[in-house]
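Fold and geometry: a report
One letter stands for each residue in the lines below.
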Amino acid sequence: AWGIAADRALLTRRSILAIGCIGWGLVTLALAAVQSFSAMIILRALNGCMLACLSPVSQGIIADIVPEERRGKVFGIIDFSLLLGMMLASLLATPMSEKTVIGMQGWRLAFCL
């Protein structure tokens, strides 16, 4: 849906990226304060919707500004960076999730990082 909105100029790519980044950050912080399982499910779904807007729009921007002969390398670097970040975040958040850190449950703190 986000890619279609960008392609049809319903919203500018910049606006979509801003909505996605700000929305994703705010929803992620809200997850740290959630008190019920049903609220967590709803927020996680909303978190996914916000995150889903970033990839298609950023890929379109890259396709527009990077010469065709370099796109594979650029997409590879970006995907590698994303996967490395996810791996490092998992390695940090998983052991922290069962501990109390700075007086806060570790899994809640992980959402704040």
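For clarity, every value in this text was computed on a predicted model and none was experimentally measured. (Residues numbered from 1 in each chain as written. Predicted model: local features only at pLDDT ≥ 70, side-chain atom pairs only at ≥ 80, totals over all residues. Heavy atoms only, no water.)

It is worth spelling out the pattern of salt bridges at this point. Overall, the coordinates contain one salt bridge when judged by the stated rule. Residue Arg13 pairs with Asp64 through a salt bridge whose shortest N-O separation is 2.5 Å. Separated by 51 residues along the polypeptide, Arg13 in helix H2 (residues 13–33) and Asp64 in helix H4 (residues 54–65) bring together distant segments of the chain. We classify Arg13 as partly exposed; its relative accessible area is 28%. Here Asp64 falls in the exposed class, since its relative accessible area comes to 56%. (Salt bridge = Lys/Arg side-chain N within 4 Å of Asp/Glu carboxyl O. Helix = DSSP H or I, 4+ residues; strand = E, 2+ residues; numbered from the N terminus. Buried < 20%, exposed > 50% of the residue type's maximum accessible area, 1.4 Å probe, protein only.)

All right, on to the side chain of Asn47 then. Mapped onto the elements of the fold, Asn47 is located in helix H3 (residues 37–52). Residue Asn47 is classed as buried on the basis of its relative accessible area of 7%.

Our next topic: the packing of H2 against H3. When two helices pack together, their arrangement is captured by the angle between the axes and the distance separating the axes. Two elements in contact, H2 and H3, have axes whose closest approach is 8 Å; the angle formed by their N-to-C orientations is 160°. Overall, the two elements H2 and H3 adopt an arrangement that is roughly antiparallel. In the packing of H2 onto H3, the handedness of the crossing is left-handed. Along its contact with H2, which presents Ile19, Gly20, Gly23, Trp24, Val27, Thr28, Ala30 and Leu31, the element H3 presents Met40, Leu43, Arg44, Leu46, Asn47, Met50 and Leu51. (Axes fitted to C-alpha atoms, helices over the stretch in contact; angles between N-to-C directions. Parallel < 35°, antiparallel > 145°, perpendicular 65-115°, else oblique. Left-handed = near helix turned anticlockwise from the far one by under 90°. Contact = heavy atoms within 4.5 Å.)

A word on the packing of H4 against helix H5 (residues 68–96). In contact at an axis separation of 10 Å, H4 and H5 are set at 150° when each is read in the N-to-C sense. With respect to H5, the axis of H4 lies roughly antiparallel. In the packing of H4 onto H5, the handedness of the crossing is right-handed. Contacts between H4 and H5 involve Gln59, Ile62 and Ala63 on the former and, on the latter, Arg71, Val74, Phe75 and Ile78.

Our focus in this paragraph is the confidence of the model for the protein. It should be kept in mind that the predicted coordinates are not to be read in detail where pLDDT is low. Overall, the prediction assigns the protein a mean pLDDT of 87, with 100% of residues at 70 or greater. No element of the protein has a lower mean pLDDT than helix H1 (residues 2–7), at 77, and none a higher one than H3, at 92. (pLDDT = per-residue confidence, 0-100.)

Glancing now at unusual backbone geometry. Only a minority of non-glycine residues have a phi that is not negative, and only a minority of peptide bonds are not trans. With a phi angle near 60°, Ala9 is a residue other than glycine that sits in the positive phi range. By secondary structure assignment, the location of Ala9 is in the loop between H1 and H2. Residue class for Ala9 comes out exposed when judged on its relative accessible area of 62%.

On to the side chain of Thr28. Here Thr28 is to be found in helix H2. In terms of polar contacts, Thr28 uses its side chain to reach the backbone carbonyl oxygen of Trp24, at 2.7 Å. If sequence neighbours within four positions are ignored, Thr28 has contacts with Asn47 and Phe111. (Polar contact = N/O pair within 3.5 Å; in protein donor to acceptor, adjacent residues only side chain to side chain.)

So, about the environment of Thr94. Checked against the element boundaries, Thr94 lands in helix H5. A residue is classified by how much of its surface remains accessible, and Thr94, at 53% relative accessible area, is exposed. When the C-alpha positions of Thr94 and Lys73 are compared, they lie 31 Å apart, and in sequence the two are 21 residues distant. Of the polar contacts made by the side chain of Thr94, one reaches the backbone oxygen of Ser90; its length is 2.8 Å.

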